[in-house]
Amino acid sequence: MKKMIDLQATLACGQVFHWTDRVDGSWEGVVDDRLAVVREGGGRLVVVEGDAEFLGDYFALDDDLDEIYGGFPGDPTMLAALDFCRGLRIIRQPTWECLATFITSSMKQVAHIRQMSFALRARFGLAVRGTEWRTYPTAGSLAAASEDELRACGLGYRAKNLRATAQRVASGEVDLEAWRDLDDTALREALCTLPGVGRKVANCAMLFGYGRLGAFPVDTWIARIMRKNYWRGRAKPTPLALERRLAKRFGPHAGYAQQYLFHHARMAQRRAAA
DNA sequence: CGCCAGGGTCTCG
DNA sequence: CGAGACCATGGC
């Protein structure tokens, strides 16, 4: 049971945006410049194409889910989310890709973030040999693009921010890899100096791109859930207040709990709308 | 058509 | 510190 995974939940929960499910039930994507095809077998990861060890790390198979679940709060909302998402893993994304996609995510639905991600790959990525895929564009290639070219990928006002951050990274002024040595607070502070990166995007980059499982992104969905189920008081709390008071209560794997609540809430609404 | 979407930034009190 | 305006674009 230790390495169980729910691929559907893991790849469709809004933490990563380019994976595609195929008719045979497997999932296809690229990590860096490598093609990967995976499927589920007996609740475990089966690598159809790609390096098993590399993908085992990408899918964080060494995260001990039972231990993580043991730290979740035991209220009905959390238990329902756990029941729905069991096997969802927080994957370890390439840092730049993760940061860049979440810069483009502000005030966008998950489906459109995916669309922008594919448009950027198509326009600025490199071909992945023998496939239809393209890599996620490097900071250098986005830094060299014009704002209009980025807007043509559907970015809207986010184009300027993505370009500006890409320029800081490409110039070497910012070293995202060196930032791995920073503690959580210093890393969050450093990320927030980048154009288009505020508290929420920084927490997403920390959680999905730096393996900081205590990071607790508060978006509109999480804020709604928190206010409804975890906040006793008349005044409407700000996202920052919610994060500060609840991230600690949710423990060292708060980010895991957050993603389970997020995915469960979104899927519940989709079912209700259908 | 109006509303909302995995928000950030700037301004003003 | 908190509240509001503004920013583009697409789905429903």
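Residues numbered from 1 in each chain as written. Chains lettered and ligands numbered in written order. Predicted model: local features only at pLDDT ≥ 70, side-chain atom pairs only at ≥ 80, totals over all residues. Heavy atoms only, no water.

> Before we move on, could you go through the protein's contact with DNA strand C and cite the residues and values that matter?
Within the structure, DNA strand C sits among Lys108, Gln109, His112, Arg151, Gly156, Tyr157, Arg158 and Thr238. When atoms of DNA strand C within 4 Å of the protein are split into backbone and base, the sugar-phosphate part holds 62%. One of the side-chain nitrogen or oxygen atoms of Lys108 is found 2.5 Å away from a base oxygen of DNA strand C. In this structure, Arg158 approaches DNA strand C through a side-chain N or O atom, which is 3.3 Å from a base nitrogen. Class assignment of the residues belonging to the surface near DNA strand C gives a composition of one nonpolar, four polar and three charged. (Near = heavy atom within 4 Å. Polar contact = N/O pair within 3.5 Å; in protein donor to acceptor, adjacent residues only side chain to side chain. Nonpolar A, V, L, I, M, F, W, Y, C, P; charged D, E, K, R; others polar.)

> Any details on the environment of Leu207? Residues and values, ideally.
Take Leu207: it is sitting in helix 11 (residues 199-209). In the structure, Leu207 is positioned 116 residues away from Ile91 in sequence and 9.0 Å away in space, judged by C-alpha atoms. (Helix = DSSP H or I, 4+ residues; strand = E, 2+ residues; numbered from the N terminus.)

> Report on helix 13 (residues 239-250), specifying residues and quantitative values.
Here helix 13 is 12 residues long and its end C-alpha atoms lie 15 Å apart, about the 16 Å a rise of 1.5 Å per residue gives. Restricting attention to buried positions, one finds in helix 13 the residues Leu242, Glu243, Leu246, Ala247 and Phe250. All buried residues of helix 13 project into a common sector of 115 degrees when viewed along the axis, lining one side. More than 90 degrees from the buried face of helix 13, the exposed residues found are Arg244, Arg245 and Lys248. Elements that come into contact with the buried residues of helix 13 comprise helix 4 (76-85), helix 10 (184-191), helix 11, helix 12 (220-229) and helix 14 (254-273). (Expected span 1.5 Å × (residues − 1). Buried < 20%, exposed > 50% of the residue type's maximum accessible area, 1.4 Å probe, protein only. Arc of directions from axis to C-beta. Contact = heavy atoms within 4.5 Å.)

> With reference to specific residues and values, describe the packing of helix 12 against helix 14.
Any two packed helices are characterised by how steeply their axes cross, that is the angle between the axes, and by the distance between the axes. It is the contact of helix 12 with helix 14, at a shortest axis distance of 10 Å, that shows an interaxial angle of 95 degrees. Of the possible angle classes, the one that applies to helix 12 and helix 14 is roughly perpendicular. Between helix 12 and helix 14, the contacting residues are Trp221, Ile222, Arg224, Ile225 and Met226 on the first element and Gln258, Leu261, Phe262, Ala265, Arg266 and Gln269 on the second. A per-class count over the contact of helix 12 with helix 14 returns seven nonpolar, two polar and two charged. (Axes fitted to C-alpha atoms, helices over the stretch in contact; angles between N-to-C directions. Parallel < 35°, antiparallel > 145°, perpendicular 65-115°, else oblique.)

> Tell me about the side chain of His263, and name the residues and values.
Structurally, His263 is set in helix 14. Setting aside chain neighbours within four positions, we find His263 in contact with Ala9, Ala12, Cys13, Phe84, Cys85 and Leu88.

> Residues and numbers for the protein's contact with DNA strand B, please.
Close contacts around DNA strand B come from 27 residues, with Gln109, Val110, Arg224, Gln258 and Gln259 the closest. Taken together, the sugar and phosphate atoms account for 56% of what DNA strand B places within 4 Å of the protein. In the environment of DNA strand B, a sugar or linking oxygen lies 3.1 Å from a nitrogen or oxygen atom belonging to the side chain of Asp219. A distance of 2.9 Å is found between a phosphate oxygen of DNA strand B and a side-chain nitrogen or oxygen belonging to Trp221. At the level of secondary structure, the elements contributing two or more residues to the surface near DNA strand B comprise helix 11, helix 12 and helix 14.

> Could you give an account of the layout of surface pockets, with specific residues and numbers?
Its volume calculated, the largest pocket comes out at about 750 Å³. Looking at the largest pocket, it is lined by 30 residues, and the ones nearest its centre are Lys108, Asp219, Thr220, Trp221 and Phe262. When contributions to the lining of the largest pocket are tallied by element, the ones reaching two or more residues are helix 6 (110-124), helix 11, helix 12 and helix 14. Considering every element that reaches the lining of the largest pocket, the biggest residue donor is helix 14, with eight residues. Considered class by class, the residues forming the lining of the largest pocket number 15 nonpolar, 10 polar and five charged. Counting contributing residues per domain, the lining of the largest pocket is built from domain 2 (95-202) and domain 3 (220-273), each supplying no fewer than three. (1 Å grid on protein atoms, 1.4 Å probe; cavity = no way out; pocket = protein on both sides within 12 Å on 5 of 7 lines; lining within 4 Å. Points joined across faces, edges and corners; volume = space filled by probe spheres on them. Domains from an automatic or database assignment.)

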